[in-house]
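Tertiary structure, described
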Amino acid sequence: MKKILSYLFIGMFFGIVMYKSEAASWFRIYEMFQFQSFHMYGIIGSALVLGVIGVQLIKRNNLKSFYGEPIKFVPKDKGITRYLVGGTIFGLGWALAGSCPGPIYTLIGAGYVSIIVVLLGAILGTFIYGLIKDKLPH
Amino acid sequence: MEWIFEPWPWYVAGPLIAIIMFLLIFIGKQFGMSSNLRTFCTMCGADKTADFFNFDWKSQRWNLAVVVGAALGGFIGAHYLSNDVTVAINPDTISTLKELGFNSAGSAYLPDELFSLEALTSVKSLSLLLIGGLLIGFGARYAGGCTSGHAISGLSNLQLPSLIAVIGFFIGGLFMVHVLFPLIF
């Protein structure tokens, strides 16, 4: 129960950051794809710079988790097709709905009922992928 | 403390996202939001239809708690930490959007033309939201991750596949905004 509460708290923290930074705003995503603001690039870029440094520090110093276990980073499977094609399909949806999978929940919480349609679409899209996965090039 | 009610700048938001990723890493988990969509499918019984959904969804309960938290955070952010919903995007972006028919640009958090309750009664905007969602869900699973899993977690770990996926995100996003939007709107 204590663990679940800590995940709930991390999620809440994430939701507040998504909402307050306007990364959950359709308008910010559109502006990003128009290259008319540094805002979204600044968010992703600064998160990444700290992310790269932190991951290197964890690896080089063999840092342990809060529970004393070794931290494992699972490398992504090699390949090009699935990442390029899947990524492009995702990008089309990201720009159209103006929301990626995290902010969808944030926007539902913020009271935008219509986002539930995007969520249902995303669940359905995931289901369709699962059905035809073996027929797709990866 | 007044700044808290203003929109947060990128140099506050970006580092906070990195902290969220490291909190999860130090708990022994990975930051990735789109995998929850697969969990929902399994919870609804999709494991009987396709092997892809045949996994122990209960092992993902932690991520479902993150999702519930993300919604709660949206509620708190919108209702207790904000004075108004205006997103101050670039004036040039606002005029481009107004030409496309998005008159709410510059005065709303989400475009009324797609997300208002009235828009829900229009077949066009309803279909666009559904199609947007379909592409997000299908693409994220095909690519094995979304913005959090690839652009943040994957790139932080210097994963080439994540870089390819992020390049894909931008090919798709740029094509949608620059080529398809003028045709759709």
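See above for the structure.
Quantities reported herein were computed from a predicted structural model and do not represent experimental measurements.

Looking only at helices and strands, chain B has eight helices and zero strands in total. N-terminal to C-terminal, the α/β element order of chain B is α-α-α-α-α-α-α-α. Projected onto its principal axes, the C-alpha positions of chain B cover 45 × 45 × 35 Å. Looking at chain B as a whole, 55% of its 185 residues are labelled buried. In chain B, 43% of the contacts between residues at least 6 apart in sequence involve partners at least 24 apart. With an accessible surface of roughly 8,000 Å², chain B has 66% of that area assigned to carbon and sulfur atoms. Each charge class in chain B can be summarised by its mean position, and for the 8 positive and 11 negative side chains these summaries are 17 Å apart.

Applying the stated criterion across every chain, the model contains zero disulfides over all chains. No disulfide involves Cys 41 of chain B; its sulfur sits 6.9 Å from the nearest other cysteine sulfur, which is in Cys 44 of chain B. What makes Cys 41 of chain B buried here is its relative accessible area of 4%. Left unpaired, Cys 146 of chain B is separated from the closest cysteine sulfur, that of Cys 100 of chain A, by 6.3 Å.

What follows concerns a nonpolar patch on the surface. Taken together, the side chains of Ile 80, Leu 84 and Val 85 of chain A together with Leu 160, Leu 163, Ile 167 and Ile 171 of chain B make up a nonpolar region of the molecular surface, amounting to roughly 600 Å² of accessible area. For the nonpolar patch, the secondary-structure elements that each account for two or more residues are α4 (81-97) of chain A together with α8 (160-184) of chain B. Looking at the nonpolar patch element by element, the count peaks at four residues for α8 of chain B. In this structure, Val 85 of chain A sits in helix α4.

Reports of interface size often rely on the accessible area that becomes lost once the parts have come together. Contacts between chain B and chain A engage 126 residues on the former and 106 residues on the latter. Summed over both partners, the interface of chain B with chain A buries about 10,400 Å², with 79% contributed by carbon and sulfur atoms. Taken as a group, Phe 26, Tyr 109 and Tyr 142 of chain B account for 9% of the area that chain B buries against chain A, more than any other trio of residues on that side. There are zero salt bridges connecting chain B and chain A. The set of elements that each furnish at least two residues to the side of chain B that touches chain A consists of α1 (10-27), α2 (35-43), α3 (61-79), α4 (91-100), α5 (112-115), α6 (123-143), α7 (147-156) and α8 of chain B. The residue makeup of the side of chain B that touches chain A, split by class, is 86 nonpolar, 34 polar and six charged.

So, how was this worked out
- Residues numbered from 1 in each chain as written.
- Chains lettered and ligands numbered in written order.
- Predicted model: local features only at pLDDT ≥ 70, side-chain atom pairs only at ≥ 80, totals over all residues.
- Heavy atoms only, no water.
- Helix = DSSP H or I, 4+ residues; strand = E, 2+ residues; numbered from the N terminus.
- Buried < 20%, exposed > 50% of the residue type's maximum accessible area, 1.4 Å probe, protein only.
- Contact = heavy atoms within 4.5 Å.
- Areas by Shrake-Rupley, 256 points an atom, 1.4 Å probe, with all protein chains shown as cover.
- Lys, Arg positive; Asp, Glu negative; His and termini not counted.
- Charge placed at Lys NZ, Arg CZ, Asp CG, Glu CD.
- Disulfide = S-S within 2.5 Å.
- Patch = residues over 30% accessible without salt bridge, like charges linked within 9 Å, V, L, I, M, F, W, Y side chains within 5 Å.
- Salt bridge = Lys/Arg side-chain N within 4 Å of Asp/Glu carboxyl O.
- Buried area = accessible area lost by both parts, 1.4 Å probe.
- Nonpolar A, V, L, I, M, F, W, Y, C, P; charged D, E, K, R; others polar.

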